[in-house]
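Okay, here's what each chain looks like letter by letter:
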Amino acid sequence: MKQIELKALAKINLGLDVLGQRENGYHDVRMVMQSIYLHDDVRIERIEKPGIELQTNLYFLPVDKNNIAYKAANMLIEEFGLTEGVRITLDKHIPVAAGLAGGSSDAAAVLFGMNRMFGLGLSQKSLMERGVKLGADVPYCIMRGTVLAEGIGEELTVLPPMPKCTVLVAKPPVSVSTKIVYEALDAREILEHPDIGRLVEGLKRGSLREVAAAMGNVLESVTIPMHPVIEEIKKEMKAAGAVNAIMSGSGPTVFGLFEGKAEARAAQDKIREKALAKQVYVTNVHSVRRNENGA
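Residues numbered from 1 in each chain as written. Predicted model: local features only at pLDDT ≥ 70, side-chain atom pairs only at ≥ 80, totals over all residues. Heavy atoms only, no water.

A. Geometry of the overall build of the protein chain. Within the protein chain, the secondary structure is distributed over ten helices and eleven strands. Relative to its length of 295 residues, the protein chain is compact, with a C-alpha radius of gyration of 19 Å against a globular reference of 19 Å. If one aligns the C-alpha atoms of the protein chain with their principal axes, the spans along those axes are about 55 × 40 × 40 Å. Within the protein chain, buried positions represent 56% of all 295 residues. Pairs at least 24 apart in sequence give 74% of the contacts found in the protein chain among residues at least 6 apart. About 13,700 Å² of surface is accessible on the protein chain, with carbon and sulfur atoms providing 48% of the total. Side-chain charges of the protein chain comprise 36 positive and 36 negative groups, with the mean position of each set lying 4 Å from the other. (Helix = DSSP H or I, 4+ residues; strand = E, 2+ residues; numbered from the N terminus. Rg over C-alpha atoms; globule rule 2.2 N^0.38 Å. Buried < 20%, exposed > 50% of the residue type's maximum accessible area, 1.4 Å probe, protein only. Contact = heavy atoms within 4.5 Å. Areas by Shrake-Rupley, 256 points an atom, 1.4 Å probe, with all protein chains shown as cover. Lys, Arg positive; Asp, Glu negative; His and termini not counted. Charge placed at Lys NZ, Arg CZ, Asp CG, Glu CD.)

B. Highlighting the nonpolar core. Formed by 72 residues in total, the largest nonpolar core has its most connected members in I44, I88, M114 and M237. With eight residues, the top contributor of residues to this core is helix α1 (residues 68-80). Setting aside anything within four residues of it in sequence, one finds I44 in contact with K2, Q3, I4, L6, V86, R87, I88, A109, V110, G113, M114 and M117. Within the second largest apolar cluster, 29 residues are counted, among which are L14, L100, L159 and I196. (Core = buried A, V, L, I, M, F, W, Y, C linked by side-chain atoms within 4.5 Å.)

C. Broad picture of the pairing of strand β1 (residues 3-21). Two strands pair when backbone bridges link them, and β1 and strand β2 (residues 27-47) are joined in this way by 17 bridges, in the antiparallel orientation. Across the sheet, residue E5 finds its bridge partner in β2, namely R43. Linkage of β1 to β2, two consecutive antiparallel strands, is achieved through a turn of five residues, within which G25 is found at a positive phi near 95 degrees. Sheet topology places β1 next to strand β8 (residues 216-217); two bridges connect them, and they run parallel. (Pairing = 2+ DSSP bridges.)

D. The arrangement of the side chain of D40 in detail. Mapped onto the fold, D40 is located in strand β2. Of note is the side chain of D40, whose polar atom sits 2.8 Å from the backbone nitrogen of I94. (Polar contact = N/O pair within 3.5 Å; in protein donor to acceptor, adjacent residues only side chain to side chain.)

E. Region of interest: helix α6 (residues 196-204). Of all the positions in α6, only I196, L199, V200, G202 and L203 are classed as buried. For α6, the angular spread of the buried residues around the axis is 155 degrees, confining them to a single face. As for α6, its buried residues are in contact with β1, β2, β5 (146-150) and α7 (208-214). Following α6 by one or two positions, G206 has its phi on the positive side, about 70 degrees. (Arc of directions from axis to C-beta.)

F. Highlighting a nonpolar patch on the surface. Judged by side-chain polarity, Y59, F60 and V96 come together as a nonpolar surface patch covering roughly 380 Å² of accessible area. Along the chain, Y59 falls in the loop between β3 (52-56) and α1. (Patch = residues over 30% accessible without salt bridge, like charges linked within 9 Å, V, L, I, M, F, W, Y side chains within 5 Å. Salt bridge = Lys/Arg side-chain N within 4 Å of Asp/Glu carboxyl O.)

G. The sheet that holds strand β10 (residues 254-258), seen in detail. Here we have four strands laid out as an open sheet, ordered β9-β10-β7-β11, and antiparallel in their pairing. Two strands in the sheet have a free side with no partner beyond their single neighbour: β9 (244-247) and β11 (279-284). Shown here is a sheet whose adjacent strand axes are inclined to one another by a mean of 20 degrees, direction ignored. Relative to β10, strand β7 (residues 166-171) runs antiparallel, the two sharing five bridges. Looking at β10, one finds that V169 is bridged to F255. Along the sheet, helix α9 (residues 229-239) makes contact with β7, β9 and β10, crossing β10 at roughly 10 degrees. (Axes fitted to C-alpha atoms, helices over the stretch in contact; angles between N-to-C directions.)

H. Looking closely at the packing of aromatic side chains. In the structure shown here, the tally under the stated rule is one aromatic pair. Plain terms: the ring middles of Y59 and F60 are 5.4 Å apart, the flat faces sit at 90 degrees to each other, and that makes the pair edge-to-face. (Phe/Tyr/Trp six-rings, centres within 6.5 Å; stacked < 30°, edge-to-face > 60°.)

I. Spatial organisation of the packing of α9 against helix α10 (residues 261-273). One way to put it is that α9 packs onto α10 with a least axis distance of 9 Å and a crossing angle of 145 degrees. The way α9 lies across α10 gives a crossing that is right-handed. Contact residues: I233, E236 and M237 in α9; A267, K270 and I271 in α10. (Left-handed = near helix turned anticlockwise from the far one by under 90°.)

Quick look at the structure:
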C-alpha cells in the first residue's frame, strides 16, 4: 500500500462533567462523546526518503513536531524502526481549537493509516494505548461512535448508538484556552453537575428527546461568562426548533440537535445573518458497527 486516504471525524460532547483534579494537573471527567460527519481529509503516502513531510491547507498550523499528527507518525516510525518516510496531507474542515477534537482525530487517523499501510499488526486497543500518550481524546477518536469516557478521558465504554438526528455545529469567531477554562473551573465550587447517568439511560431507550433533555456541559458555567455569544447561539438554535443545544468541550463551539433538517437549515441561516458565527455546518451523527465484544 503506497497511499491511504481517511476521514478524521469531529466529536461533540453530549454530556461533560468534571469530577475533580488530580495531583498531576489532569482532571477526572465523565463524558458522553459522539462522532459526527464533519471531518478533515487525511492522506498518507509512503516516500523513500526517511522522516515526515506534513502539509496542510491552513497556513497558521505547525507542520513539524508541534503538530499532533506529526507526533503520531513519529511515534510509530521510532517504535518500529521504519526506514521509509511518510508524506501527510491534512485538508482541514473541522474548526481549530473549537472543542471538536480536530487535532486528536487527525492523530488517530495517522495511527490507524500507518498501521495499515506498513502492516504493523496493531489492534484497536494497542493503537488506543499509544494514542493516549499523544492526548486524552485520541483513544476515543480511534474508537468513535457513542462512548462513555471516564478517568482523564481514556477509560472508554461503548454505549448504544445515538438516535438519528440532524446536528447543527456553529463556531463563533472567538478563541478559548482549555487551560484557562479548567483553571477558572478549579477556582470555584461546582454547584450543578450534568446528569450523565440519565443521558446514558436515554441512549439505552433510543429516545432522542430523553438524550437531549439530559445533555449538559459543566464547563459552560466558566466559558459562557467569558464569551456570551455562546449563549446567543444556543438561544437561536432552540428558537429554531432544536430539541437542545449546548457547548462542546471547553468551547467555543455550540451544537444543536434537530429532528428535521429544515429547522437546522433555518437556524444556520439565522446564525449567519446575525453574524454570530461564520463556521456553521449542518451534519449528522456517526454510528459505528461493532461486534459482540464492542470492537
